[in-house]
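Listed below, chain by chain, are the residues.
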Amino acid sequence: MGTVDAANKDVNVSLTDEKPIVVFVLGGPGSGKGTQCANIVQHFLYTHLSAGDLLRAEIKSGSENGTMIQNMIKEGKIVPSEVTIKLLQKAMLESGNDKFLIDGFPRNEENRAAFEAVTKIEPDFVLFFKCPEEEMERRLLSRNQGREDDNIETIRKRFNVFLESSLPVIQYYKAKGKVREIDAAKPIEEVFEAVKVVFTPKGEKVTA
Ligand SMILES: Nc1ncnc2c1ncn2[C@@H]1O[C@H](COP(=O)(O)OP(=O)(O)O)[C@@H](O)[C@H]1O
Ligand SMILES: Nc1ccn([C@@H]2O[C@H](COP(=O)(O)OP(=O)(O)O)[C@@H](O)[C@H]2O)c(=O)n1
Ligand SMILES: [Mg+2]
C-alpha cells in the first residue's frame, strides 16, 4: 500500500515537472497582444501562439472546418473550443518548447474550462492589456493586414463579445490573483517596459 502510494506520488511529481509553463495573453481586439508577444519572444524564452493566427492558418490550409471558422471570424464570434484547443495542442507539441504565450485564448468561459479539462494546465499568470475602446478601434481600422474582420461592423461585434464573454474570464483569473494588468494605451515601447517588469524574475534587473 505504502509502496503504491509512494510510486503514485513519484508519477505525480514527474508529471507536474513536465507540465509546460503557460501565460495567457488577453485584452480587447487591437489592444496590442500580438505586437507585445512579438517583443516578449525576443527577450524571454517563450513560444508565441496566437489562437487567431492558428485559426486563420486553418482556413488557408483548406481544412474541412475552414468555412465554419471563416464565417465565425467574419461575424466576430468565438469558434468552438474543441477546434481551437486541437490547434493549440498541435502547435505546442510541434514547437519543442515548454514555455508558451497563448495569445487571444481563452476568450470565453467555454474556452477556459475546456482547455483546463483537456490539458490539465493552469496558466502561470494572465497578461491583460487594458485599452479604451476608441483607441482599439483606431488601431484596428489602420492595422492594414487585410483581415476580413477589421471593418467597423465586425469590430463592433468583437467589442461586444469581448465585454460579454472575454472580460468574465479575466475576472475569473483576477479572483485567483493571476492577472497582471498593463496600461496598453501608451506607445508600444512604453507598454513593453511594463511588460518586461512582469516577466523579469523578482530580484533580477530589468534589462534594456
Ligand atoms: N501601443 C500601441 N500604440 C499604437 N499602436 C499600436 C500599439 N500596439 C499595437 N499597435 C498597433 O495596433 C494594431 C493592433 O495591434 P495588435 O498587436 O495586432 O493587437 P491585437 O493582437 O491585440 O489585436 C497594429 O497595427 C499594431 O501595430
Ligand atoms: N480563442 C479564440 C481566438 C480567436 N477566435 C476568432 O478569431 C478572431 C480573431 O482573433 P484574434 O485574436 O486574431 O484577434 P485580435 O484580438 O488579435 O484582433 C476572433 O474575433 C474570433 O472570431 C476564436 O474564435 N477563438
Ligand atoms: Mg492579435
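What counts, and where the lines are drawn
- Residues numbered from 1 in each chain as written.
- Chains lettered and ligands numbered in written order.
- Predicted model: local features only at pLDDT ≥ 70, side-chain atom pairs only at ≥ 80, totals over all residues.
- Heavy atoms only, no water.
- UniProt positions renumbered as here; feature names shortened; annotations may be inferred.
- Helix = DSSP H or I, 4+ residues; strand = E, 2+ residues; numbered from the N terminus.
- Contact = heavy atoms within 4.5 Å.
- Near = heavy atom within 4 Å.
- Polar contact = N/O pair within 3.5 Å; in protein donor to acceptor, adjacent residues only side chain to side chain.
- Areas by Shrake-Rupley, 256 points an atom, 1.4 Å probe, with all protein chains shown as cover.
- Nonpolar A, V, L, I, M, F, W, Y, C, P; charged D, E, K, R; others polar.
- Buried < 20%, exposed > 50% of the residue type's maximum accessible area, 1.4 Å probe, protein only.
- Axes fitted to C-alpha atoms, helices over the stretch in contact; angles between N-to-C directions.
- Parallel < 35°, antiparallel > 145°, perpendicular 65-115°, else oblique.
- Left-handed = near helix turned anticlockwise from the far one by under 90°.

Going by what an unreviewed UniProt entry lists, the chain is known as UMP-CMP kinase and is assigned to Theobroma cacao. In its Function (unreviewed entry) section, the UniProt record describing the chain reads: "Catalyzes the phosphorylation of pyrimidine nucleoside monophosphates at the expense of ATP. Plays an important role in de novo pyrimidine nucleotide biosynthesis. Has preference for UMP and CMP as phosphate acceptors." You can read under Subunit (unreviewed entry) in the UniProt record for the chain the words "Monomer."

**Student:** So what's going on with the side chain of R112? Residues and values would help.
**Tutor:** Following the sequence through the fold, R112 ends up in helix α6 (residues 109–119). Discounting residues that sit within four places of it in the chain, R112 has contacts with P106, V169, Y172 and Y173.

**Student:** A description of the site of ligand 1 should follow, citing residues and the corresponding values.
**Tutor:** Close to ligand 1 lie 14 residues; G30, K33, T35, R143 and K186 are nearest. Here an oxygen atom of ligand 1 and a backbone polar atom of G30 are 2.8 Å apart. Contact between ligand 1 and R139: a nitrogen atom at 3.3 Å from a side-chain N or O atom of the residue. Summarising the interface, the protein chains cover 78% of the accessible area of ligand 1, which totals 550 Å² for the free molecule. Considering each element in turn, the shell around ligand 1 owes the most residues, 3 residues, to helix α2 (residues 33–43). Counted by class, the shell around ligand 1 contains 4 nonpolar, 6 polar and 4 charged residues.

**Student:** Summarise the site of ligand 2; cite the residues concerned and give the values.
**Tutor:** Around ligand 2 lies a shell of 19 residues, among which K33, K77, V79, R107 and R158 are the nearest. One of the backbone nitrogen or oxygen atoms of K77 is found 2.6 Å away from an oxygen atom of ligand 2. Separating an oxygen atom of ligand 2 from a side-chain N or O atom of R158 is a distance of 2.7 Å. The fraction of the free accessible surface of ligand 2 (530 Å²) that becomes covered by protein chains is 96%. Contributions of two or more residues to the shell around ligand 2 are made by α3 (51–60) and α4 (66–74).

**Student:** Report on the UniProt feature "binding site: a ribonucleoside 5'-phosphate" (unreviewed entry) in the chain, specifying residues and quantitative values.
**Tutor:** Per the UniProt record, "binding site: a ribonucleoside 5'-phosphate" (unreviewed entry) is annotated on R56, K77, I78, V79, G104, F105, P106, R107, R147 and R158. By the element assignment, R107 lies in the loop between β3 (99–103) and α6. With relative accessibility at 29%, the residue R107 sits in the partly exposed group. In this structure, R107 is in contact with K33, I78, S165, S166 and V169, ignoring residues within four places of it in sequence. Within the local environment of R107, its side chain forms a polar contact with the backbone oxygen of G104, the two atoms lying 2.9 Å apart. In this structure, R158 sits in helix α8 (residues 152–175). Filtering out sequence-adjacent residues up to four positions away, R158 remains in contact with P29, G76, L140, R143, R147, D149 and D150.

**Student:** Before we move on, could you go through the packing of helix α5 (residues 81–95) against α6 and cite the residues and values that matter?
**Tutor:** Put simply, α5 and α6 touch, their axes get as near as 10 Å, and they point 50° apart. The angle between α5 and α6 falls in the class oblique. Once α5 is placed against α6, the crossing between them reads as right-handed. Listed contacts from α6 to S81, I85 and Q89 of α5 are E110, N111, A114, F115, V118 and T119. Grouping the constituent residues of the contact of α5 with α6 by class yields 4 nonpolar, 4 polar and 1 charged.

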